[in-house]
Amino acid sequence: MTVISLCHVPTVPVKNLNGSSPVHPALAGITGILMSAAALPVCLTRPPKLVLHPPPVSKSDIKPVPSFNHCCRKTTKKQVRKGKTPEEVVKKYLQKVKSPPEEDCTICMEPLGGPSGYKGPGVGPVSKAESVGRLAQCGHQYHFQCLVAMYNNGNKDGSLQCPTCKTIYGVKTGNQPAGKMEYHVIPHSLPGHPDCKTIRIIYNIPPGIQGPEHPNPGKPFTARGFPRHCYLPDSEKGRKVLRLLLVAWDRRLIFSVGTSSTTGESDTVIWNEVHHKTEFGSNLTGHGFPDPGHLDNVLEELRAQGITEEDAVVEK
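Residues numbered from 1 in each chain as written. Predicted model: local features only at pLDDT ≥ 70, side-chain atom pairs only at ≥ 80, totals over all residues. Heavy atoms only, no water.

Under an unreviewed UniProt entry, the protein chain has the name E3 ubiquitin-protein ligase and belongs to Ilyodon furcidens. Checking UniProt for the protein chain, the heading Catalytic activity (unreviewed entry) contains the comment "S-ubiquitinyl-[E2 ubiquitin-conjugating enzyme]-L-cysteine + [acceptor protein]-L-lysine = [E2 ubiquitin-conjugating enzyme]-L-cysteine + N(6)-ubiquitinyl-[acceptor protein]-L-lysine." Its UniProt record, at the heading Subcellular location (unreviewed entry), says of the protein chain: "Cytoplasm". (UniProt positions renumbered as here; feature names shortened; annotations may be inferred.)

Here we take up the nonpolar core. The biggest cluster of nonpolar side chains holds 34 residues, and the ones touching the most others in it are Met-181, Ile-201, Tyr-203, Leu-242 and Leu-245. Looking at this core, the elements with two or more residues in it are β9 (179-186), β10 (198-204), β13 (228-233), α4 (236-250), β14 (255-258) and α5 (294-304). Looking at this core, the element that brings in the most residues is α4, giving 8 residues. What Ile-201 contacts, discounting residues up to four positions off in sequence, is Met-181, Glu-182, Tyr-183, Arg-228, His-229, Cys-230, Leu-232, Leu-242 and Leu-245. Judged by nonpolar contacts, the second largest core, of 21 residues, contains Val-90, Leu-147, Val-148 and Tyr-169. (Core = buried A, V, L, I, M, F, W, Y, C linked by side-chain atoms within 4.5 Å. Buried < 20%, exposed > 50% of the residue type's maximum accessible area, 1.4 Å probe, protein only. Helix = DSSP H or I, 4+ residues; strand = E, 2+ residues; numbered from the N terminus. Contact = heavy atoms within 4.5 Å.)

Moving on, we come to the packing of α4 against α5. Packed helices, taken two at a time, are described by the angle their axes make and the gap between the axes. Closest axis-to-axis distance for the α4/α5 pair is 10 Å, and the angle between their directions is 25°. Taken together, the axes of α4 and α5 are roughly parallel relative to one another. You can see that α4 and α5 cross each other, and the crossing is left-handed. Residue-level contacts link Lys-237, Gly-238, Lys-240, Val-241, Leu-244, Leu-245 and Ala-248 of α4 to Leu-295, Asp-296, Val-298, Leu-299 and Leu-302 of α5. Along the lines of polarity and charge, the residues of the contact of α4 with α5 split into 8 nonpolar, 1 polar and 3 charged. (Axes fitted to C-alpha atoms, helices over the stretch in contact; angles between N-to-C directions. Parallel < 35°, antiparallel > 145°, perpendicular 65-115°, else oblique. Left-handed = near helix turned anticlockwise from the far one by under 90°. Nonpolar A, V, L, I, M, F, W, Y, C, P; charged D, E, K, R; others polar.)

Take the environment of Asp-296 next. On the secondary structure map, Asp-296 appears in helix α5. Taking the C-alpha atoms as reference, Asp-296 lies 8.8 Å from Lys-237; in sequence the two are 59 residues apart.

Attention now goes to the sheet that holds strand β3 (residues 72-75). Spatially, the 4 strands line up as an open sheet ordered β3-β9-β10-β13, and their pairing is antiparallel. With partners counted over all chains shown, the strands left at the sheet margins are β3 and β13, one partner each. Across the sheet, the axes of successive neighbouring strands diverge by a mean angle of 20°, strand direction being ignored. With respect to the sheet, α4 is in contact with β3, β9, β10 and β13, its orientation differing from that of β9 by roughly 170°. (Pairing = 2+ DSSP bridges.)

To continue, consider helix α3 (residues 144-152). Here α3 lies mainly inside the structure; 8 of its 9 residues are buried. Among all positions of α3, only Phe-144, Gln-145, Cys-146, Leu-147, Val-148, Ala-149, Tyr-151 and Asn-152 are buried. Elements in contact with the buried residues of α3: α2 (86-92), β4 (94-96), β5 (132-135), β6 (141-143) and β7 (160-161).

Here the focus is the confidence of the model for the protein chain. When pLDDT is averaged along the protein chain, the result is 87; 82% of the residues meet or exceed 70. Contacts from residues 1-22, a stretch scored under 50 in pLDDT, to residues over four places away or in other chains number 31 contacts. (pLDDT = per-residue confidence, 0-100.)

Structure (structure tokens):
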């Protein structure tokens, strides 16, 4: 009778039985049973833990971000802008088109050579010579009345965004409710950034009543999950991102009022297309570290909102 020694059989790990890995938990369990039946050793490992917050930090350990003069920024209710009409704002960014091309306006989907397909309120008649305009920077062409209608349906802040290529004309602002943004350095390192400390950002927005720039003026809005803690490495690029986030905060572009994509709740404060890392010591949700491309991605998202390094110098 031949005796098989199991002394040198390697231990085979069966990981993450809670389903957090690509291996289905049922498959992992069956694997473990079969290996046990064959007298093979089985090593069951615990799944990684979610680490949302850093270890406790005393007030004396919290420091200002290097090269920043302040550690807090507040926003108030939107100031009503007076003066230019929607037609005047749109004309400022347009060039006249004498002979419209044989193509459709991508706003109303009607031929540029014919009248605008927009029939709603708030847009007056125009002469044929002004019926089509070319956006000066990107060159895309639209019915003038369609651009005015699009402007009226937006934030009415004096800026215009090309619906085709997203080029921004003027300074884009949002409808973020009033609140406070705090930022400082804590003496802990993020995964993937062992050589520097961490910038912690704390956003706090209370619930309130929607203004004229919000989806349902006069109706209450909720503010779930505040204060929200977010993290950046305290590196040169991390501080660059923070400086641009401050510009975005001042322009009310970090948050918006709308419908939550995670809960389905309407009339609530939501993130506004600038991603933040809210998971300090892990990356189980995709909102943590390590993430080598995160800072570059945020810079791109801010650029899409019309915020660049030049703005950071002006609004320092």
